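Inside the fold
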Amino acid sequence: MRLVTFRDDKGTRVGALDEAGRVLDLVAADPALPRDMLGLIGSGALGAAQAAEAAAPVVEGATILAPIPRPTKNIFCVGKNYHEHAKEFASSGFDATAKEVVPEAPVVFSKPPTSVIGPHDEIPSFLDTSNSTDYEGEIAVVIGKGGRGISEADAYAHIFGYTIVNDVTARTLQHKHRQWILGKGIDGFCPMGPAIVTADAAGTPPNLAISTWVNGELRQRASIDDLIFGIPTLIAAISAAITLEPGDIIATGTPAGVGIGFTPPRFLKPGDKVRIEVPGIGVLENKVA
Ligand code: MG
C-alpha cells in the first residue's frame, strides 16, 4: 500500500495512491481513520486503512503534500553512506571535517521539521546566499514502532514504510560551518514524498532502487543494497540512546552523482527540475526557485 497526505477543498487528510497514481480518500471510506499520517502511524490503524482502500473513492483535484508534512522531531540523515559518493565528496573539497573517505561509523546529522516541503513545492534556492545548492536523492525509512536500544535483529519490525527525500544542501555553508545543519537545514531544503510505501509492500529487506535526474539528465542510480551502513545498523546506532518515535524519519544517504561530484561543480539554478524516482514509491519532482 502507498499512503499519501493530500489536500482538497475539504481539507488535509491521509489517502492512498492506486496503481494509476490517483489519490483515494481513505477517510471517506472509513470516517474512524485518523486524518493525519502521524496519527495513523501512531495509532496502529494501518490495518483499518488497508481495509478501507478497496471502497475508497478517487479524489478529483487532490494536491499531494509531503507524507509527513511536519515531523515530530528533526529528520535523521546519514552522510557518506555509499562508497562512490563518499569518494566524490572527499575529493570535492567540500568536506571540512573528514579524516577518512569511508567512515568507521554512521555519520548522522539532522534537518529540522521546517525544512520539509511537498512534491509540488519549489526548492527555495534563493535562501542559499552562497549559491551552491545541490541535490541528494535518498531513500528514507519511516519508523512505525518506537523504541530505544533497538537491536539490528529487531530493526525491521520497527519500520512503518519508506519514502523519498531530497537532502538539498548548500555546499558552501556545509563546508564553512563544519557541522552540517546550517547547510542542510534551510527552510524548504527537504522535499519529501510523494508516498510512503508500507513495509509489507516493500519487502524485508526492502527491494528499493533510486534514480535522480536533473532537467532529464540521469545523475544518480543505486540500490538500497549498496549502502555502507544498512538500515538495521542505522536504526540500532541512532536508537542506542535516542528514543525513536512513530513517524520519525531516517534518510539513509545519497549515492554518487551529486553536483559537487563534477568538476567544476554543477549546482542547481532557478528553473531546474530535480526528479527522484523509486519504483514502488513514486516520483518526487521539485522545481528550483
Ligand atoms: Mg544526504
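Overview of the structure. (Residues numbered from 1 in each chain as written. Predicted model: local features only at pLDDT ≥ 70, side-chain atom pairs only at ≥ 80, totals over all residues. Heavy atoms only, no water.)

Bringing the pairing of strand β17 (residues 273–278) into the picture now. The two faces of β17 differ: Val-274, Ile-276 and Val-278 on one face are buried, but Lys-273, Arg-275 and Glu-277 on the other face are not. Bridging between strand β14 (residues 209–214) and β17 involves 4 bridges; their strand directions are antiparallel. Counterpart to Thr-212 in the pairing with β17 is Ile-276. As judged from the 6 bridges shared by β17 and strand β18 (residues 282–287), these two strands associate in the antiparallel manner. Within β18, the position partnered with Ile-276 by the bridge is Leu-284. (Buried < 20%, exposed > 50% of the residue type's maximum accessible area, 1.4 Å probe, protein only. Helix = DSSP H or I, 4+ residues; strand = E, 2+ residues; numbered from the N terminus. Pairing = 2+ DSSP bridges.)

Turning next to helix α4 (residues 83–92). Taken as a whole, α4 has its buried residues at His-85, Ala-86, Glu-88, Phe-89 and Ser-92. In a view along the axis of α4, the buried residues occupy a sector of 165°, so they form one face of it. Its buried side turned inward, α4 meets α5 (171–176). Where α4 ends, the next residue or the one after it, Gly-93, has phi of about 90°, a positive value. (Arc of directions from axis to C-beta. Contact = heavy atoms within 4.5 Å.)

Size it by volume and the largest pocket reaches roughly 210 Å³. Taken together, Arg-2, Leu-17, Glu-19, Gly-21, Ile-64, Pro-119, His-120, Pro-194, Gly-282, Val-283 and Glu-285 make up the full set of residues lining the largest pocket. Counting residues per element, the lining of the largest pocket draws most heavily on β18, which supplies 3 residues. In the lining of the largest pocket, the residues fall into 5 nonpolar, 3 polar and 3 charged. If you add up the space inside the second largest pocket, you get close to 160 Å³. (1 Å grid on protein atoms, 1.4 Å probe; cavity = no way out; pocket = protein on both sides within 12 Å on 5 of 7 lines; lining within 4 Å. Points joined across faces, edges and corners; volume = space filled by probe spheres on them. Nonpolar A, V, L, I, M, F, W, Y, C, P; charged D, E, K, R; others polar.)

This paragraph deals with empty space enclosed by the protein. Within this structure, the stated rule accounts for 1 cavity of 30 Å³ or more. What the largest cavity holds in volume is close to 70 Å³. Counting residues per element, the ones that place at least two in the lining of the largest cavity are β5 (75–79), α4 and α5. Looking at the lining of the largest cavity residue by residue, the classes come out as 4 nonpolar, 5 polar and 5 charged.

Moving on to the pairing of strand β9 (residues 137–143). Of all 7 residues making up β9, 7 are buried, and the element is well covered by its neighbours. Burial along β9 is two-sided: the residues Gly-137, Ile-139, Val-141 and Ile-143 and Glu-138, Ala-140 and Val-142 are all buried. In the sheet, β9 pairs with strand β10 (residues 159–166) via 7 bridges, with the strands oriented antiparallel. Looking at the pairing, Val-141 lines up with Tyr-162 of β10. When β9 meets strand β16 (residues 249–251), the two strands line up antiparallel, connected through 3 bridges. Along β16, the bridge assignment pairs Val-141 with Ile-250.

On to the nonpolar core. Formed by 42 residues in total, the largest nonpolar core has its most connected members in Val-141, Tyr-162, Ile-231, Ile-235, Leu-244 and Ile-250. Elements represented by at least two residues in this core include exactly β5, β9, β10, α7 (199–202), β14, α8 (231–239) and β17. Among the elements that make up this core, the one with the highest residue count is α8 (4 residues). Sequence-distant contacts of Val-141, that is, excluding residues within four places in its chain, are made with Ile-159, Gly-161, Tyr-162, Ile-231, Ile-235, Asp-248, Ile-249, Ile-250 and Thr-252. Among the nonpolar cores identified, the runner-up in size contains 36 residues, and Leu-24, Ala-56, Phe-89 and Phe-160 belong to it. (Core = buried A, V, L, I, M, F, W, Y, C linked by side-chain atoms within 4.5 Å.)

Shape is all these values report; function is a separate question.
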